[in-house]
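Single-letter residue listing:
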Amino acid sequence: QVQLVESGGGLVQPGGSLRLSCPASGRTFSSYVMGWFRQAPGKEREFVAAISRSGGNSYYGDSVNGRFTISRDNAKNTVYLQMNSLKPEDTAVYYCAADGRFPLIQSTRGYDNWGQGTQVTVSS
């Protein structure tokens with residue numbers, strides 16, 4: 001079991017940026033496909049982004065493609081989500097997930113390890 005702790009959320013104005021971080025426990029971080037999901041009130045948890053073990057491949061949900069960037073630092077056991085051009089509809093709790101399994105890396109069913117989430121609110 002890997003432990004994940006998200007940070008970096010907060011209140012930001014539309015058009016602003018935030019960077020989320022998610023350090024992971026354990027020595028096998030580099031063997032995990034990592035993902036970010038989000039959940040707005042009253043909605044299902046939604047895929048945001050995923051990144052391959054080496055960081056060479058990344059995948060994005062349609063609603064964030066071109067605005068968000070996922071990255072990882074295997075030496076620091078950490079995955080990041082850079083969010084630019086934020087919109088009010090990006091408001092949600094953002095969750096980090098570890099050990100994604102193909103072909104389900106864009107589904108919550110593809111992950112067994114989840115963090116507690118960090119709130120992102122985009123509002124003027």
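From a predicted model like this one, the values you see are computed outputs, not experimental measurements. (Residues numbered from 1 in each chain as written. Predicted model: local features only at pLDDT ≥ 70, side-chain atom pairs only at ≥ 80, totals over all residues. Heavy atoms only, no water.)

Caption draft 1: Structural detail: the environment of arginine 72. In this fold, arginine 72 is placed in strand 6 (residues 68-73). As for arginine 72 and serine 21, which are separated by 51 residues in sequence, their C-alpha atoms are 9.3 Å apart. In terms of polar contacts, arginine 72 uses its side chain to reach the backbone carbonyl oxygen of serine 52, at 2.8 Å. A polar contact of 2.8 Å, which involves the side chain of arginine 72, links it to the side chain of asparagine 74. (Helix = DSSP H or I, 4+ residues; strand = E, 2+ residues; numbered from the N terminus. Polar contact = N/O pair within 3.5 Å; in protein donor to acceptor, adjacent residues only side chain to side chain.)

Caption draft 2: Representation of the environment of isoleucine 51 within the structure. Tracing the chain through its elements places isoleucine 51 in strand 4 (residues 46-51). Its relative accessible area of 3% is what places isoleucine 51 among the buried residues. Separated by 15 residues in the primary sequence, isoleucine 51 and tryptophan 36 have C-alpha atoms spaced 9.1 Å apart. (Buried < 20%, exposed > 50% of the residue type's maximum accessible area, 1.4 Å probe, protein only.)

Caption draft 3: Summary view of the packing of aromatic side chains. Scanning the entire structure with this criterion turns up 5 aromatic pairs. Ring plane angle 70° and centroid distance 6.2 Å describe the contact between tyrosine 59 and phenylalanine 102, whose orientation is recorded as edge-to-face. Here phenylalanine 102 lies in the loop between strand 8 (92-98) and strand 9 (113-114) and tyrosine 59 lies in strand 5 (residues 58-60), a separation of 43 residues in the sequence. On the accessibility criterion, phenylalanine 102 (47% relative accessible area) is partly exposed. Here a set of aromatic residues connected by ring pairs shows up, and it is made of Phe37, Phe47, Tyr111 and Trp114. Over the face of the ring belonging to tyrosine 95 we find arginine 45, whose NZ or CZ atom lies 3.6 Å from the ring centre. (Phe/Tyr/Trp six-rings, centres within 6.5 Å; stacked < 30°, edge-to-face > 60°. Lys NZ or Arg CZ within 6 Å of the ring centre and 35° of its normal.)

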